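# Examining the three-dimensional arrangement
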Amino acid sequence: MADGRLLAETVAAVAAGDAPAALRALEECAQSGRDAASFASDLEGKARELLIVQTLGEVPAEVSLTSEADAALSELAAAVDHATVVRLLELLG
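Described in the following lines is the structure provided in the data block. (Residues numbered from 1 in each chain as written. Predicted model: local features only at pLDDT ≥ 70, side-chain atom pairs only at ≥ 80, totals over all residues. Heavy atoms only, no water.)

### With respect to the overall build of the protein
The secondary structure content of the protein amounts to five helices and zero strands. Starting at the N terminus and ending at the C terminus, the protein contains elements arranged as α-α-α-α-α. Here the C-alpha atoms of the protein give a radius of gyration of 13 Å, agreeing with the 12 Å that 2.2 N^0.38 yields for 93 residues. Along the first, second and third principal axes, the C-alpha atoms of the protein reach 35 × 25 × 20 Å. A buried classification covers 31% of the 93 residues belonging to the protein. At a minimum sequence separation of 6, the contacts of the protein that also span at least 24 residues come to 64%. Of the roughly 5,500 Å² that the protein leaves accessible, carbon and sulfur atoms contribute 55%. (Helix = DSSP H or I, 4+ residues; strand = E, 2+ residues; numbered from the N terminus. Rg over C-alpha atoms; globule rule 2.2 N^0.38 Å. Buried < 20%, exposed > 50% of the residue type's maximum accessible area, 1.4 Å probe, protein only. Contact = heavy atoms within 4.5 Å. Areas by Shrake-Rupley, 256 points an atom, 1.4 Å probe, with all protein chains shown as cover.)

### Some remarks on the nonpolar core
Ranked by size, the top nonpolar core spans 19 residues in total, and within it Val11, Leu50, Leu73 and Val85 carry the most contacts. Mapped onto this core, the elements with two or more residues apiece are α1 (4-16), α2 (19-31), α3 (36-56), α4 (67-79) and α5 (82-92). Element by element, the count of residues in this core is highest for α3, at five residues. Residues in contact with Leu50, not counting those within four places in the same chain, are Val11, Leu73, Leu76, Ala77 and Val85. (Core = buried A, V, L, I, M, F, W, Y, C linked by side-chain atoms within 4.5 Å.)

Given below as structure tokens:
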């Protein structure tokens, strides 16, 4: 699984319409030796988690990791528009 920070930064960049920041995240991923296809798969997983949290209004046990990770996921879910998450899933799928 790709670094959670990098995934969150990528989602935030997409949500903000900041293509250069999203590409920098992908570059960081590549420079660290990670496979771009794996990163895209992990990004799709993160988007699914966001959709779940947005829909339920909470982090369910099936997605929960740690209290810090859950708080970060909740914050990101609140900050990113629902339509953006759906569109990201469509593009990655």
